Amino acid sequence: MKKYLILFSLLVGLGISATAQRSLYSVNYTVTLPTGNTADFIDVVSGRGFALEFQKFINDHVAIGGEFGHSTIFERTENEVYTRETASLSGIQYRYQYAYPIMATAAYYHSFTDLIRPYASLGIGTIANKRTIEMGMYKSEDTHWQFGFRPELGVLIQPADNVAFRVGAKYFGTLEGGGLEGQSNLSFNIGLVILNN
Amino acid sequence: MVDFIKRSSFGLLLVSGLIACSPEGATFVEEQDVVYTNYNKDFNFSSKSTYALPDEVISISNGGLAGDTDQPEFLPPQLANPILATLRSNMNALGYREVTESADPDLVLLPAALQTTEVYYYYDWWYWSWYYPGGGAGWYYPGYYPPTVTSVRSGSIFVQMTSPKDVDSNNNIAVNWIAIVNGLLEGEPGDAANRIDKTLDQAFSQSPYLQK
C-alpha cells in the first residue's frame, strides 16, 4: 500500500511542479464498458469516470508521464439466487466496482505540428479495484490492489498551440491478485489537453 | 491564463468526480428483503407425503427467556394468517397433504417471527413443546448450519421443517429445512402481508429439492 502512495504522490508532484517546456496535462471524462470477469460481475456501461494525465516530451514524438483515474460501475441485480453447497440466498443486490488506476505511461505521437495527431500509448502500474455488494441490510466491501496495464489508441485535435482535445480508447487489464481474478474494461475518453510548448 | 485554466480544471474535475462516484442504493423497504434457505442434503423430501402446520406463529424477541411465561407469545392473526396460508399453499402445491399433528405427519412446519438483531436466532425448543407430536429435547441441523449474521434492528420469519420420526439418541429433532426471510421492521403495515407472501413463495421456489 505504501509504495502505491509514494507512486501516487510522485505523479501528483510531477503534475504540480512541472513547468518545463513541452509537456502536456489532460483532464478526461471516461465511459467504461466492462469486459471479461468484470462484466461477469457488472455488465452495465457507466459514464462515471475521469482520468488525469501528465506527460513530458523527450523528443518530438515520444512522451512519458503518469496517469491517475477513477471509474465507478454499478448494477442492480434482481431475481437471482446465490447458492453455496446446500444454502441458497436471494434478494436484490446492489453491486459497485470502483477502480483507481495509477500508472506510468509512455506515448508516441505521430505528428507534432499537424492539427490531427494520432497517438498510441501504453501504461503500466496498479489498479485498486474496490468491490461492494449490498444485499438486504448487509454490505460487503473489499479493495483489491492489482498489477495493471493499459494500451491506448487515440487522437489529439489541436486547434491552437496550447490547447487540444483528446479522443481515445483504452483497454484496462489487471492480472489476478489481491484476492480477485483479473479485471478488464474498455474505457472511452474525451478530454481537454493543455500543452506547454 | 493557460495556467489558471489548467489548475482550476484539475480541481473542478477532482471535486465533480468524487461527488459523482456513488450511485444510489436501495430506496424501498421491500428491496431490503433477503430470503435464505438451507437443508439436510441426506434427507429425501420426495419420499414424504404428509405434513402438519400449527395454527399459530410464535413471536420471539431478544431478551425474552424460554419458560418465562406459561405459554409463548404468538403473532397477531393479521400477520400470522398470511404466513400460515402461504406455507400451506406452497406445501400443497408441492404435492404434500396436510394432516393434524396427532395423525403421525412425516413433516412438521414450525413458523416463528423474530424481532432481533440477528438473522438467525437460536430459540429454545420450549416454544414448540406445547404443540409438537411426540415431544423432543431440542433441535439439530444435520449436515448444515444456519447463518450467523448480526445486523441492525430487523425482523425475520423463520420456518423450520422437521421430521418427527427422525429423532437422534439425545431425543433431538432433526430440522431438515430452514427458511429465513429477513427484512427491515419498517414500511407500511398494509404491505406486510404482500411482502410475507412474496418472500415465503421465494423461499419455496429457491428450494427445488422439496418437490415431490
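Residues numbered from 1 in each chain as written. Chains lettered and ligands numbered in written order. Predicted model: local features only at pLDDT ≥ 70, side-chain atom pairs only at ≥ 80, totals over all residues. Heavy atoms only, no water.

Focus: the overall build of chain A
Assigned secondary structure in chain A consists of two helices and 10 strands. Taking all 197 residues of chain A together, the buried fraction comes to 51%. Taking all contacts inside chain A whose residues are at least 6 apart in sequence as the whole, residues at least 24 apart take part in 63%. Carbon and sulfur atoms provide 62% of the accessible area of chain A, an area that totals close to 9,000 Å². (Helix = DSSP H or I, 4+ residues; strand = E, 2+ residues; numbered from the N terminus. Buried < 20%, exposed > 50% of the residue type's maximum accessible area, 1.4 Å probe, protein only. Contact = heavy atoms within 4.5 Å. Areas by Shrake-Rupley, 256 points an atom, 1.4 Å probe, with all protein chains shown as cover.)

Quick word on the environment of Thr126 of chain A
All names here are of chain A. By the element assignment, Thr126 lies in strand S7 (residues 116–135). Residue Thr126 is classed as buried on the basis of its relative accessible area of 3%. Taking the C-alpha atoms as reference points, Thr126 and Tyr171, 45 residues apart in sequence, are found 14 Å from one another. Among the polar contacts listed, one links the side chain of Thr126 to the backbone oxygen of Gln146, at a separation of 2.9 Å. (Polar contact = N/O pair within 3.5 Å; in protein donor to acceptor, adjacent residues only side chain to side chain.)

Some points on the packing of aromatic side chains
Inspection of the entire model under this criterion finds 20 aromatic pairs over all chains. Here Trp126 of chain B and Tyr127 of chain B contribute two aromatic rings whose centre-to-centre distance is 5.1 Å and whose plane-to-plane angle is 70 degrees, an arrangement assigned as edge-to-face. The buried category is assigned to Tyr127 of chain B, whose relative accessible area is 8%. Seen from their ring centres, Trp130 of chain B and Tyr131 of chain B are 5.6 Å apart, and the 55 degrees between their planes marks the pair as tilted. Feature note: the residues Phe74, Tyr94, Tyr96 and Tyr98 of chain A constitute an aromatic cluster, connected by ring pairs. (Phe/Tyr/Trp six-rings, centres within 6.5 Å; stacked < 30°, edge-to-face > 60°.)

With respect to the nonpolar core
Residues and elements named next belong to chain B. Ranked by size, the top nonpolar core spans 29 residues in total, and within it Met91, Leu109 and Trp177 carry the most contacts. Counting only elements with at least two residues in this core, the list comes to strand S1 (34–39), helix H2 (77–94), strand S6 (107–118), strand S8 (150–167), strand S9 (172–184) and helix H4 (189–205). Counting 23 residues, the second-largest nonpolar core is a separate cluster that includes Leu110, Trp125, Tyr127 and Tyr132. (Core = buried A, V, L, I, M, F, W, Y, C linked by side-chain atoms within 4.5 Å.)

A closer look at unusual backbone geometry
Residues and elements named next belong to chain B. For Asp104, which is not glycine, the phi dihedral falls at a positive 55 degrees. Even without glycine at this site, Asn171 takes up a positive phi of about 65 degrees. Note that Asn171 resides in the loop between S8 and S9. Owing to a relative accessible area of 37%, Asn171 belongs among the partly exposed residues under this scheme.

Considering the pattern of salt bridges
Pairing between side chains of opposite charge can happen when the charged atoms of each approach one another. Residues and elements named next belong to chain A. Summed over the entire model, instances satisfying the criterion amount to 12 salt bridges over all chains. With a shortest N-O distance of 3.2 Å, Asp60 and Arg22 are connected by a salt bridge. You can see Asp60 sitting in the loop between strand S2 (48–57) and strand S3 (62–77) and its partner Arg22 sitting in the loop between helix H1 (2–17) and strand S1 (23–35), a full 38 residues away along the chain. For Asp60, a relative accessible area of 41% gives the class partly exposed. Arg22 gets classed as partly exposed once you look at its relative accessible area, which sits at 25%. We note a salt bridge from Glu67 to Lys170, for which the minimum N-O separation is 3.0 Å. Of this pair, Glu67 sits in strand S3 while Lys170 sits in strand S9 (residues 163–174), and the two are 103 residues apart along the sequence. (Salt bridge = Lys/Arg side-chain N within 4 Å of Asp/Glu carboxyl O.)

Examining the pairing of S2 of chain A
Residues and elements named next belong to chain A. The element S2 is largely enclosed, with a buried count of eight among its 10 residues. Here S1 pairs with S2 via seven bridges, running antiparallel. Bridged to Ser23 within S2 is Lys56. Bridge analysis of S2 against S3 gives 10 bridges, and the strand direction is antiparallel. (Pairing = 2+ DSSP bridges.)

Section: the environment of Ala113 of chain B
Residue and element names in this part refer to chain B. Note on placement: Ala113 falls in strand S6. On the basis of relative accessibility, which here comes to 10%, the residue Ala113 falls in the buried class. It is 9.6 Å that separates the C-alpha atoms of Ala113 and Ile180, two residues lying 67 residues apart in sequence. In this structure Ala113 touches Val57, Ile58, Ser59, Ile60, Leu75, Ser156 and Ile157, once residues within four positions along its chain are discounted.

Overview of a negative patch on the surface
All names here are of chain A. Taken together, the side chains of Asp40, Asp43, Glu176 and Glu181 make up a negatively charged region of the molecular surface. The topology assignment puts Glu181 in the loop between S9 and strand S10 (184–196). On the basis of relative accessible area, Glu181 is assigned to the partly exposed category, the value being 33%. (Patch = residues over 30% accessible without salt bridge, like charges linked within 9 Å, V, L, I, M, F, W, Y side chains within 5 Å. Lys, Arg positive; Asp, Glu negative; His and termini not counted. Charge placed at Lys NZ, Arg CZ, Asp CG, Glu CD.)

Some points on the sheet that holds strand S6 (residues 93–109) of chain A
Spatially, the eight strands close up into a barrel ordered S1-S2-S3-S6-S7-S8-S9-S10 (chain A), and their pairing is antiparallel. For this sheet, the mean angle separating the axes of adjacent strands, direction not counted, is 25 degrees. (Axes fitted to C-alpha atoms, helices over the stretch in contact; angles between N-to-C directions.)

Quick word on the side chain of Asp106 of chain B
Residues and elements named next belong to chain B. Structurally, Asp106 is set in the loop between strand S5 (97–98) and S6. From its side chain, Asp106 meets the backbone nitrogen of Ser49 in a polar contact 2.8 Å long. Here the side chain of Asp106 touches Lys165 through a polar contact of 2.5 Å, side chain to side chain. When residues no more than four places from it in sequence are discounted, the contact partners of Asp106 are Lys48, Ser49, Thr50, Thr162, Ser163, Pro164 and Lys165.

Concerning H2 of chain B
Residues and elements named next belong to chain B. Between its terminal C-alpha atoms H2 stretches 25 Å, which fits the 26 Å expected from 18 residues at 1.5 Å a residue. The complete set of buried residues in H2 reads Ala80, Pro82, Ile83, Leu84, Thr86, Leu87, Asn90, Met91 and Leu94. With its phi angle positive at about 110 degrees, Gly95 sits one or two positions after the end of H2. (Expected span 1.5 Å × (residues − 1).)

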